[in-house]
Amino acid sequence: MQRMLSDWRAILVLLGPAFLVYTSVMLVPIFWSAGYTFFEGNAIRGFEFVGFANFIEFFQDPTAMQAVGFTIRYAIVLTLLQVTAGYGLALLYTFVLKRGGALTRTLVFFPVILPTVAVALLFSRLFEAAPATGPVNSLIILLGGPNVDWFGQPDASFWVIILMDVWRSMGFYAVLLYAGIVEIPDELIESARLDGANGWRLVRSVVLPLSLPVLLSALIFSINGTLKVFDTVVALTNGGPGTSTTPLTVYMFRTAFSFGQYGYGSTVALMLTILCLVVTVFIFRSTRRDLTKG
Amino acid sequence: MTTATRHMGRLLPVVAIVGASAFVLAGCSGSADNGTTGDDSAAAKSDGEFSVLSQTQNTVIAGTLEALAGDQCETADETASLKVDSVDGTTWDQQLQVLAGNNALSDFGMAGGTPALMQEFIEAGLVVDLSAELDKLGVADRIVPAAESTIKALYGQDALYALPTELNIEGFWYNKQLLEDAGIEPPATWDELADAAATLQDAGVQPFVAAGKDGWPVTRLVGNYLFRSLGADALQKVADGEASLTDPEYVAAADAIAEFGSEGYFGDAAGSIDYNTAMNQFLTGDGAFFYMGSWALGNFNDSEQNKIGADNIGFLPFPAVEGGAGSADEVPANVGIPTMFTTSGWDEGSAQWLECIATGYGDTALNEFGQVTGFVVDNPPAEQSELTTTVQQVIADAPGSVLWFEAAFSPEATSVSQTNGGGLATGTLSGQEFMELVQAANG
C-alpha cells in the first residue's frame with residue numbers, strides 16, 4: 001500500500017479521472033464565470049472588455065442593493081428561527097419525548113422531503129386573497145378583519161416566505177441537533193441534576209455548551225443555505241411584489257439569462273460567493289475559542 | 001508579519017495564474033460565440049424541412065401553419081415539410097437567447113417578446129430582412145400597412161424583420177349593464193373615467209379588473225396616459241434620452257394610476273390577480289372596466305367563458321387627458337408576438353413558405369381561429385360577431401397607432417416595470433417610486 005501510494009503513476013491513475021471531471025464541471029465554470037465579470041455582453045452580440053465597470057455598476061444599482069438587503073435579512077431571520085426551532089424540537093425529543101417520540105419526529109421531518117414547489121403551492125393557497133379566499137384570510141375575515149393581499153405587500157410576502165421555510169426546514173435541523181444532543185453522556189446530565197441543575201439552568205450550563213459544535217455546524221449550514229435561496233422564493237413569490245423579495249441568486253439569474261447581461265450576472269454571482277465566504281469566516285472566527293469549555 | 005509576507009509570496013503566482021486563465025477562458029468564449037450569422041441567400045437549396053418553434057400557450061400560429069400545409073402551402077410543404085415544435089412561453093426570451101447563442105434557432109418561429117432582444121438579433125444578422133424577400137417574391141402588398149409600420153416602429157428599423165401574425169388594438173372593454181345600472185355614460189376623458197369609477201365604487205361595483213400579478217395590464221395604463229397627455233412620441237423621447245421618466249409630467253401619469261390603486265378601484269387583492277383570473281372576473285360580471293387587447297375576442301365570443309353575454313360588452317378607446325397633446329383616436333396597437341425567419345435556416349424551402357404564408361395566412365387565421373392578423377384578407381368569414389366587426393372597424397378608422405409603455409425600453413427596464421406594475425394597482429407604490437425604479441433600470 002505504502003509503495004503504491006508513493007508511485008506517482010498510480011496516484012495519477014486513481015485520482016486523475018475524478019480530478020478531470022471535477023475540474024471540467026466545477027473549476028472551469030467557476031474561473032470562466034470569474035472572467036466574465038470583466039466583460040459586457042452575451043452570446044448573441046459578443047463580449048466587450050469593460051474592466052471593473054460591472055463592479056461599479058453593482059454598487060450603484062438600487063435593485064442589486066435591495067437584493068443584498070433582502071438576502072442578508074432573509075438569511076439572518078431564517079437562520080435564527082429555523083435553528084432555534086430545530087434546537088427547541090431537539091430538546092423536546094431528548095428530554096420530553098424520550099420514549100415514543102418517533103412518530104412526532106417523523107411528522108415534523110415530513111415537510112423536509114416534500115418538493116419545494118408543492119410546499120409553495122400549499123402556502124400560496126393557504127394565504128390566497130384572490131380569486132378564492134384562502135383559509136388564513138377566511139379566518140381573519142371571520143374574526144372581523146379585512147381580506148389581506150399577502151403577496152401584494154412586501155413585508156407580508158417576506159413573512160410568508162419565512163414561515164414557509166421554517167415549517168419546511170425545522171424538522172431537518174431538529175434531527176441534526178438531536179444527533180448532537182444525544183451524544184452528551186447521560187452521566188453528565190445526571191450529575192448536573194444531582195447538583196440541582198434543572199430545566200433552563202441545565203440547558204444553559206450543560207446541554208448548550210456541550211452541543212455547541214453541532215450547533216455551530218447547523219448555523220453555518222443554515223446561513224449558507226439561506227444566502228443561496230432560490231427555489232422557495234421563485235416558487236412562492238417569484239421575487240415580488242416588484243423586486244422586494246428578490247434575493248441575489250434570482251437577481252443573478254435574471255440579469256444573466258433574462259436581460260442577456262452575462263458579465264453583470266457573473267459579477268452578482270461573485271458578490272454572492274464573497275458574501276457567503278465572509279459570513280462563514282465571521283462565524284468561524286467568532287467561535288474560535290475552545291468550544292468544549294463553553 | 002514575515003509569515004504573512006511569505007504566504008503572500010506563495011499566493012501571488014497562484015492568483016496570477018487563476019486570473020490569467022479566467023481572462024483566457026472568457027476571451028475565448030467571446031470569440032467562439034460570436035460568429036452565428038448564417039447564410040441569407042435565397043438560392044440555398046432546401047434542406048427538406050421547415051422547422052418552426054412556437055409557444056405551447058399559442059395554438060393559433062401552429063394551427064394556421066398546419067392548415068396551410070394541407071392547402072395553399074402544399075407545394076412549399078413538399079419542398080420543405082413543416083415540423084412544429086412547441087415549448088413553454090414563460091421564459092421565451094431566455095430560450096431564444098440560448099438557442100441563438102448555440103446557433104440552433106429554427107427556420108421560422110415566434111420572435112422575442114422584448115423588442116430590444118429582437119433588435120439584438122437583427123444587429124447580429126440572425127433574422128431575415130423580409131422587406132427585401134417579400135419584394136423579390138412579389139408579395140410585399142400582402143402585409144397591411146398599419147401592421148408593417150407597427151413592426152418597423154417596434155424594432156426601430158426601416159425594413160420589415162417579422163411577420164404580423166396578429167394585429168391587436170387595445171382599450172377599455174366595459175360591462176354595458178353595470179354602467180347602465182349606475183347611470184354612467186361611457187367616459188370620453190380621464191376625469192370622466194375617474195368620476196365613473198367613483199360612482200361605481202359607491203354603488204358597490206369594482207370599477208376596474210386588472211391582472212396586477214402580471215403587471216403589464218397596469219403599466220399599459222401608465223403608457224397610454226402618457227401618449228394622451230404628452231403625445232405619441234412621449235416614450236420614444238425617454239428611449240432617446242431626451243426626457244426622463246422621473247420628470248414631473250411623466251410622474252403625473254403613474255400618479256394618476258397609483259391614485260386609482262390607493263382608492264381601491266382595482267379591488268382589494270389586485271396584486272394576486274393573474275391574467276386568467278382577471279379575464280374570468282370580467283366575464284362573470286365582477287368588474288365594470290377591463291383594459292385588454294383585442295386578442296381577448298376569442299374569450300369574449302366564447303359563451304362557455306362569457307357569462308355576461310357578448311352583446312353586453314362595449315369597447316372604449318383609451319380616454320383623452322384634458323389639455324393633453326395626444327389624441328384619443330391614436331389607438332394603442334400591437335402585433336402580439338410576431339414571427340421571424342432566421343438567416344441560419346433560410347433556403348429555398350423557407351422562401352416558398354414565406355410566399356404562401358404572405359398569401360394565405362390572413363384568410364386561414366381569421367376563418368379557422370377568428371384571429372385578426374396584419375395580412376390582407378381576401379375572403380372574410382360570412383358571419384362574425386359584432387365585437388370582431390367593431391375591432392376591424394376601429395383598426396380601419398384609426399389615423400395612427402401608438403405602442404405600449406415598455407416597447408422602447410431595455411429588457412431589464414421592461415422586467416422592472418412589469419414586476420412593479422402591480423404595486424400601482426394595490427396602492428403600495430407611488431407614481432414617483434415606480435418611475436424612479438423603471439428609469440434606473442433603463443439606464
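Residues numbered from 1 in each chain as written. Chains lettered and ligands numbered in written order. Predicted model: local features only at pLDDT ≥ 70, side-chain atom pairs only at ≥ 80, totals over all residues. Heavy atoms only, no water.

**Student:** Would you explain the overall build of chain A in this entry?
**Tutor:** Tallying secondary structure elements over chain A gives 14 helices and 2 strands in all. Here the C-alpha radius of gyration of chain A, 24 Å, is well above what a compact globule of 294 residues would show, namely 19 Å. Reported as C-alpha extents along the three principal axes, the dimensions of chain A are approximately 80 × 75 × 30 Å. The proportion of buried residues among the 294 residues of chain A is 46%. In chain A, of all internal contacts separated by at least 6 residues, the share reaching a separation of at least 24 is 67%. Total accessible area on chain A stands at roughly 15,700 Å², and carbon and sulfur atoms take up 71% of it. Within chain A, the 16 negative side-chain charges are centred at a point lying 8 Å from the centre of the 18 positive side-chain charges. (Helix = DSSP H or I, 4+ residues; strand = E, 2+ residues; numbered from the N terminus. Rg over C-alpha atoms; globule rule 2.2 N^0.38 Å. Buried < 20%, exposed > 50% of the residue type's maximum accessible area, 1.4 Å probe, protein only. Contact = heavy atoms within 4.5 Å. Areas by Shrake-Rupley, 256 points an atom, 1.4 Å probe, with all protein chains shown as cover. Lys, Arg positive; Asp, Glu negative; His and termini not counted. Charge placed at Lys NZ, Arg CZ, Asp CG, Glu CD.)

**Student:** What am I meant to see in the pattern of salt bridges here?
**Tutor:** Opposite charge on two side chains permits pairing when their charged atoms draw close. All chains considered together, the criterion is met by 12 salt bridges over all chains. Close ionic contact of B:Lys152 with B:Glu148 constitutes a salt bridge, the shortest N to O distance being 3.0 Å. In this pair, B:Lys152 and B:Glu148 are both assigned in helix H7 (residues 145-155), 4 residues apart and thus about one turn of the helix distant. Note on B:Lys152: relative accessible area 22%, which makes it partly exposed. Via salt bridges that share partners, A:Glu40, A:Arg45 and B:Glu120 belong to a single interconnected network. (Salt bridge = Lys/Arg side-chain N within 4 Å of Asp/Glu carboxyl O.)

**Student:** What's the story with helix H17 (residues 411-426) of chain B in this structure? I'm lost.
**Tutor:** Residue and element names in this part refer to chain B. Between the first and last C-alpha of H17 there are 24 Å, a value that for 16 residues agrees with the 22 Å anticipated at 1.5 Å per step. At asparagine 420, H17 shows its largest kink, close to 30°. Counting buried positions over the 16 residues of H17 gives 13, a clear majority of the element. Positioned one or two residues after H17, glycine 427 has a phi angle of 80°, which is positive. (Expected span 1.5 Å × (residues − 1). Bend = angle between axes of the 7 residues up to and from the residue.)

**Student:** Whenever I open this one, the pairing of strand E2 (residues 46-49) of chain A confuses me. Can you help?
**Tutor:** Consecutive side chains along a regular strand alternate between the two faces of the sheet. All names here are of chain A. Bridging between strand E1 (residues 39-42) and E2 involves 4 bridges; their strand directions are antiparallel. Residue pairing across strands places phenylalanine 39 opposite phenylalanine 49, the latter belonging to E2. Here E1 hands over to E2 after 3 residues, the two strands then running antiparallel side by side. (Pairing = 2+ DSSP bridges.)

**Student:** Would you mind showing me how to read the interface of chain B and chain A here?
**Tutor:** Accessible area lost during the coming together of the parts is what is often quoted as the interface size. Tallying the contact residues gives 34 residues for chain B and 34 residues for chain A. A buried area of about 2,900 Å², summed over both sides, lies between chain B and chain A, and 61% of it is on carbon and sulfur atoms. Counting across the interface, chain B meets chain A through 1 salt bridge. Summed over the shared surface of chain B and chain A, the result is 9 residue pairs in polar contact (both at pLDDT 80 or more). Elements with a contribution of two residues or more to the side of chain B that touches chain A: helix H1 (2-32), helix H4 (92-101), helix H5 (115-123) and H17 of chain B. Residue composition of the side of chain B that touches chain A, grouped by class: 15 nonpolar, 15 polar and 4 charged. (Buried area = accessible area lost by both parts, 1.4 Å probe. Polar contact = N/O pair within 3.5 Å; in protein donor to acceptor, adjacent residues only side chain to side chain. Nonpolar A, V, L, I, M, F, W, Y, C, P; charged D, E, K, R; others polar.)

**Student:** Would you take a moment to explain unusual backbone geometry for this structure?
**Tutor:** Note: most peptide bonds trans; most residues except glycine with negative phi. Cis geometry marks the peptide bond from A:Gly240 to A:Pro241, where omega comes out at 5°. By secondary structure assignment, the location of A:Pro241 is in the loop between helix H12 (231-236) and helix H13 (248-258). If you check the backbone angles, A:Asn238 has positive phi at about 55° while not being a glycine. Mapped onto the elements of the fold, A:Asn238 is located in the loop between H12 and H13. Taking relative accessible area as the criterion, A:Asn238 reaches 43% and is therefore assigned partly exposed. Even without being a glycine, B:Asn103 presents a positive backbone phi close to 55°. Following the sequence through the fold, B:Asn103 ends up in the loop between H4 and strand E3 (108-110).

**Student:** Just checking my understanding: could you explain the nonpolar core for this structure?
**Tutor:** Where a protein is soluble and globular, its nonpolar side chains tend to be buried together. Residues and elements named next belong to chain B. Residues Leu65, Phe121, Trp173, Phe300, Phe341, Trp353 and Ile357 are the most contacted members of the largest nonpolar core, which totals 85 residues. Broken down by element, this core gets its largest block of residues, 9 residues, from helix H15 (residues 348-369). Apart from the residues lying within four places of it in its own chain, the contact partners of tryptophan 353 are Phe50, Leu65, Ala69, Cys73, Ala76, Asp77, Ala80 and Leu82. The next biggest cluster of nonpolar side chains, apart from the first, holds 53 residues, and it includes Leu178, Leu221, Ala234 and Tyr265. (Core = buried A, V, L, I, M, F, W, Y, C linked by side-chain atoms within 4.5 Å.)

**Student:** Which parts of the structure should I look at to understand helix H18 (residues 431-442) of chain B?
**Tutor:** In an α-helix there are 3.6 residues to a turn, and that puts residues three or four apart on one side. Between its first and last C-alpha atoms H18(B) spans 16 Å; for 12 residues at 1.5 Å apiece the expected length is 16 Å, and the two agree. Just downstream of H18(B), B:Gly443 is the residue with a positive phi angle, here 65°.

**Student:** Explain the packing of helix H12 (residues 248-262) of chain B against H17(B) to me, please; I cannot follow it from the model alone.
**Tutor:** All names here are of chain B. One way to put it is that H12 packs onto H17 with a least axis distance of 5 Å and a crossing angle of 55°. Judged by the inter-axis angle, H12 sits oblique to H17. Contacts between H12 and H17 involve Ala254, Ile257, Ala258 and Gly261 from the first element and Leu424, Ala425 and Thr426 from the second. Of the residues in the contact of H12 with H17, the class split is 5 nonpolar, 2 polar and no charged. (Axes fitted to C-alpha atoms, helices over the stretch in contact; angles between N-to-C directions. Parallel < 35°, antiparallel > 145°, perpendicular 65-115°, else oblique.)

**Student:** Help me out: how do you make sense of the packing of H12(B) against H18(B) in this one?
**Tutor:** Packed helix pairs are characterised by how far apart their axes lie and by the angle those axes make with each other. Residue and element names in this part refer to chain B. Running from N to C, H12 and H18 cross one another at 125°; their axes reach a closest spacing of 7 Å. When the interaxial angle is binned, H12 and H18 end up oblique. The two elements H12 and H18 cross, and the hand of that crossing is right-handed. Across from Tyr250, Val251, Ala254, Asp255 and Ala258 in H12, the residues of H18 making contact are Gly431, Gln432, Phe434 and Met435. Class assignment of the residues belonging to the contact of H12 with H18 gives a composition of 6 nonpolar, 2 polar and 1 charged. (Left-handed = near helix turned anticlockwise from the far one by under 90°.)

**Student:** Any chance you could explain the confidence of the model for chain B here in plain terms?
**Tutor:** Should pLDDT be low for a region, the predicted coordinates there are not to be read in detail. Residue and element names in this part refer to chain B. Per-residue confidence for chain B gives a mean pLDDT of 87; residues scoring 70 or more make up 90%. Between residues 1-5, whose pLDDT stays under 50, and residues either more than four places distant or in other chains, the model counts 0 contacts. Of the regions scoring below 50 in pLDDT, residues 23-42 engages in 40 contacts with residues more than four places distant in sequence or in other chains. (pLDDT = per-residue confidence, 0-100.)

**Student:** I'm lost on a nonpolar patch on the surface in this one. Help?
**Tutor:** A grouping of A:Phe19, A:Val21, A:Tyr22, A:Val25, A:Met26 and A:Ile30 is seen on the molecular surface, where their side chains present a nonpolar patch of about 600 Å² in accessible area. Checked against the element boundaries, A:Val21 lands in helix H2 (residues 8-36). (Patch = residues over 30% accessible without salt bridge, like charges linked within 9 Å, V, L, I, M, F, W, Y side chains within 5 Å.)

**Student:** In this structure, what is going on with the state of the cysteines? I would like to understand it.
**Tutor:** What is meant by a disulfide is a covalent connection between two cysteines, made through their sulfur atoms. Residues and elements named next belong to chain B. Throughout the structure, instances matching the rule amount to 1 disulfide over all chains. A sulfur-sulfur separation of 2.0 Å characterises the disulfide bridge that pairs cysteine 73 with cysteine 356. In this structure, the disulfide formed by cysteine 73 and cysteine 356 twists by about 110° around the S-S bond and is classed as right-handed. One end of the pair, cysteine 73, is in the loop between helix H2 (60-69) and helix H3 (74-79); the other, cysteine 356, is in helix H15, and 283 residues separate them in sequence. Residue classification places cysteine 73 among the buried positions, given a relative accessible area of 0%. By relative accessible area, cysteine 356 is classed as buried at 8%. (Disulfide = S-S within 2.5 Å.)

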